[in-house]
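These are the residues of each chain, in order.
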Amino acid sequence: MLNVALPKGRLGDKVYSLLASIGYECKEILEDTRKLIFINEENGVKYFLVKPSDVAIYVENGAADIGVVGKDILLESESDVYELLDLGFGKCRMCVAAKDDFRDNTSRPLRVATKFTNIAKNYYDSINREIEIVKLNGSVELAPILGLSDVIVDIVETGKTLVENGLSVKEEIVPISARLIVNKSSYFFKSDEIDKIVTELGGDKK
Ligand code: PRP
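Bear in mind the structure is a predicted one, so any value in this text is a computation, not a measurement. (Residues numbered from 1 in each chain as written. Predicted model: local features only at pLDDT ≥ 70, side-chain atom pairs only at ≥ 80, totals over all residues. Heavy atoms only, no water.)

Asks: Can you walk me through the state of the cysteines in this structure?
Replies: The bond known as a disulfide is covalent and runs between the sulfur atoms of two cysteines. Applying the stated criterion across every chain, the model contains 0 disulfides. Cys92 supplies the cysteine sulfur nearest to Cys95, a cysteine that is in no disulfide, at a spacing of 8.8 Å. (Disulfide = S-S within 2.5 Å.)

Right, dumping it as structure tokens:
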């Protein structure tokens, strides 16, 4: 039985379609239901519907063998899993953004508002810039507008949210996309099956 952590929502719908197309169909998942576990004994697959930001936790702990997660969440959680494939969708960028007229005052720490505190710390460490983190859980674009921070570190997809709030990208930290992740011992015990999935979904292993 292959245990799959499927992110709830649009990303999960896409991932399910892909897995269904390579033999892991489980039609019950398409029904309007509040169930969180779906099993198809015949196809040897069990799906768990989890919050996208929790996918790596289920996979790291072995509750799921494989999962699909955004690179942003992987970088932020620093999970101990194998990242085997870039699925090439869910593309966006992790960026530093600020008000259009922002000028960095290097005589004091930069105040950075973000949901992604580890990514922000690692980035600013890498360029030797001292920062103070303001941890927020969403709508981070508000922070520089209200004077809560100098900049934000956040995901930019279309750029619409920034433009509509008078902000712009100042630096790009890393490109983001959906990744197939695998539990380390699952990969040891189920490597044939998992390698087959990697090949069928994306060609070469990473
Ligand atoms: C994300 C991100 C930006 C927005 C970027 O927010 O934090 O706010 O999408 O998309 P755009 O470049 O296409 O405008 P999300 O919808 O996840 O909400 P939240 O972070 O405010 O919770």
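Let us keep going from here.
Asks: Would you take a moment to explain the side chain of Glu76 for this structure?
Replies: Mapped onto the fold, Glu76 is located in helix H3 (residues 71-77). As a buried residue without a salt bridge, Glu76 has its nearest oppositely charged side chain in Lys135, at a separation of 6.6 Å. Filtering out sequence-adjacent residues up to four positions away, Glu76 remains in contact with Lys115, Phe116, Thr117, Asn118 and Ile119. (Helix = DSSP H or I, 4+ residues; strand = E, 2+ residues; numbered from the N terminus. Buried < 20%, exposed > 50% of the residue type's maximum accessible area, 1.4 Å probe, protein only. Lys, Arg positive; Asp, Glu negative; His and termini not counted. Salt bridge = Lys/Arg side-chain N within 4 Å of Asp/Glu carboxyl O. Contact = heavy atoms within 4.5 Å.)

Asks: Help me out: how do you make sense of the environment of Ser168 in this one?
Replies: With respect to the secondary-structure elements, Ser168 resides in strand S10 (residues 167-176). Apart from residues no more than four positions distant in its own chain, Ser168 is found in contact with Val96, Ala97, Ala98, Asp100 and Leu162. A polar contact of 3.0 Å, which involves the side chain of Ser168, links it to the side chain of Asp100. (Polar contact = N/O pair within 3.5 Å; in protein donor to acceptor, adjacent residues only side chain to side chain.)

Asks: Hey, could you run me through a nonpolar patch on the surface in this one?
Replies: A grouping of Met1, Leu36, Ile37 and Ile39 is seen on the molecular surface, where their side chains present a nonpolar patch of about 340 Å² in accessible area. Its place among the elements puts Ile37 in strand S2 (residues 37-40). (Patch = residues over 30% accessible without salt bridge, like charges linked within 9 Å, V, L, I, M, F, W, Y side chains within 5 Å. Areas by Shrake-Rupley, 256 points an atom, 1.4 Å probe, with all protein chains shown as cover.)

Asks: Would you take a moment to explain unusual backbone geometry for this structure?
Replies: Working note: non-glycine residues mostly have negative phi, and peptide bonds are mostly trans. Not every positive phi belongs to a glycine, and Glu78 is a case in point at roughly 50°. Note that Glu78 resides in the loop between H3 and strand S5 (82-86). Even without being a glycine, Ser139 presents a positive backbone phi close to 45°. Position of Ser139 among the secondary structure elements: in the loop between strand S8 (131-135) and helix H5 (142-145). According to the relative accessible area criterion, Ser139 is exposed, its value standing at 53%.

Asks: Would you take a moment to explain the pattern of salt bridges for this structure?
Replies: Should the charged atoms of two oppositely charged side chains come close, the side chains can pair. Applying the stated criterion across every chain, the model contains 13 salt bridges. Asp86 is paired through a salt bridge with Arg179; the nearest N and O atoms lie 3.7 Å apart. Of this pair, Asp86 sits in strand S5 while Arg179 sits in strand S11 (residues 178-182), and the two are 93 residues apart along the sequence. Lys160 is the partner of Glu164 in a salt bridge, and the nearest nitrogen-oxygen pair spans 3.6 Å. In this pair, Glu164 and Lys160 both sit in helix H6 (residues 160-164), 4 residues apart, roughly one turn of the helix. Neither residue differs from the other here; Glu164 and Lys160 are each classed as exposed. One network of salt bridges, in which partners are shared, links Lys71, Glu83, Asp86 and Arg179.

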